[in-house]
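Chain residues, written in single-letter form:
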Amino acid sequence: MNWTYTTDVEEYASVAEPWLLRDPVRNTVPLTVLRGIRGGQFAETALMGWAVDAGEVVGAVSHTPPYPLLLGEVPLAALPPLAGDLIEIDHVIPGVAGPMPVVEAFAGSWWRPETGRRSERLFRLGTLEPAQASGKARTATLADLPLAVGWFRGFQEEAHVDRAADPTPAVSVRINREELVFWEDGGSPVSIAGVSAPIAGMSRIGPVYTPPGLRRKGYGAAVTHAASRKALAEGAGEVLLFTDLANPTSNSIYWKLGYRPVDDYATIHFQ
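The following refers to the structure shown.

Conventions used here
Residues numbered from 1 in each chain as written. Predicted model: local features only at pLDDT ≥ 70, side-chain atom pairs only at ≥ 80, totals over all residues. Heavy atoms only, no water. Axes fitted to C-alpha atoms, helices over the stretch in contact; angles between N-to-C directions. Helix = DSSP H or I, 4+ residues; strand = E, 2+ residues; numbered from the N terminus. Parallel < 35°, antiparallel > 145°, perpendicular 65-115°, else oblique. Left-handed = near helix turned anticlockwise from the far one by under 90°. Contact = heavy atoms within 4.5 Å. Nonpolar A, V, L, I, M, F, W, Y, C, P; charged D, E, K, R; others polar. Salt bridge = Lys/Arg side-chain N within 4 Å of Asp/Glu carboxyl O. Buried < 20%, exposed > 50% of the residue type's maximum accessible area, 1.4 Å probe, protein only. Polar contact = N/O pair within 3.5 Å; in protein donor to acceptor, adjacent residues only side chain to side chain. 1 Å grid on protein atoms, 1.4 Å probe; cavity = no way out; pocket = protein on both sides within 12 Å on 5 of 7 lines; lining within 4 Å. Points joined across faces, edges and corners; volume = space filled by probe spheres on them.

1. Comments concerning the packing of helix α3 (residues 79–88) against helix α4 (residues 100–109)
Right, so step 1: Contact geometry for α3 and α4: axes closest at 9 Å, N-to-C directions at 50°. Comparing the axis directions of α3 and α4 gives the class oblique. For the pair α3 and α4, the sense of crossing is right-handed. Residues Leu79, Pro80, Leu82, Ala83, Leu86 and Ile87 of α3 form the contact with α4, whose own contacting residues are Val102, Ala105, Phe106 and Ser109.
Right, so step 2: For the contact of α3 with α4, the residue count by class is nine nonpolar, one polar and no charged.

2. Describing the pattern of salt bridges
Right, so step 1: Taken as a whole and assessed by the stated rule, the structure comprises 17 salt bridges.
Right, so step 2: Taken together, the shared-partner salt bridges connect Glu10, Glu17 and Arg38 into one network.

3. Topic: the side chain of Ser191
Right, so step 1: Along the chain, the position of Ser191 falls in strand β9 (residues 188–195).
Right, so step 2: For Ser191, a relative accessible area of 0% corresponds to the buried category.
Right, so step 3: At a separation of 3.2 Å, a polar atom in the side chain of Ser191 contacts the main-chain carbonyl oxygen of Tyr209.
Right, so step 4: The residues touching Ser191, leaving out its near neighbours within four places in the chain, are Trp151, Val181, Phe182, Trp183, Tyr209, Thr210, Tyr219, Gly220 and Val223.

4. Some words on the layout of surface pockets
Right, so step 1: The space that makes up the second largest pocket amounts to roughly 320 Å³.
Right, so step 2: Around the second largest pocket, the lining comprises 21 residues; the ones closest to its centre are His160, Val161, Asp162, Arg163 and His269.
Right, so step 3: Ranked by residues supplied to the lining of the second largest pocket, first place goes to strand β6 (residues 114–125) with four residues.
Right, so step 4: Looking at the lining of the second largest pocket residue by residue, the class counts come to ten nonpolar, five polar and six charged.

Here is the structure:
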């Protein structure tokens, strides 16, 4: 099993994208990140790679600093060679993210110890159920950039994800793509949700964030419902989202909206 690496996104896409598209639901994050690399969303150069076994592509990996290394449904046997290659070229990664068994197997081959992890569950929308809250939804505009960036930072801090990353470039790109939805009450934004434009019929909701002082009013459920409805209206056949397994409140909210579990994922941080 051999890995090939590149910093050329189109070289990577020509080989890895067809493999990722075989299961766009479980490869939702790698596909979204690929689109982000193509669109110049990340400030630093990405390292990308793919694994080949007996002439067939069997896995893909990408790293967009300062985010964790991102793995798809990679065969477990391909992970020790990947870790060995990255150690050999002295490639620094703060962590690894992907399907839980894959991430845990990679961490077992990595030379730095684990310092923490975030466990998540991927959910798929069945039938969208109603959500009740006062107010209405609207799509974010460039005038909303400072507020949206601040709320993304709030999400990063609370969820303990990507805290070293400046969300401004990603938020700017997502506003330009009309991928951010506010819920407003009394004429003021009270909650925000991201919704990715469909890729291969798949769209993903997230992040979803309500400032602490505005919680327990149904705004998070309402903005998630609005973002889900937007995804369906734009042609998504599959609408997905990730939930923090340590947050039973959000898990119950998404269940009530019609989301059902697919698989478990994790992000493991290294020393």
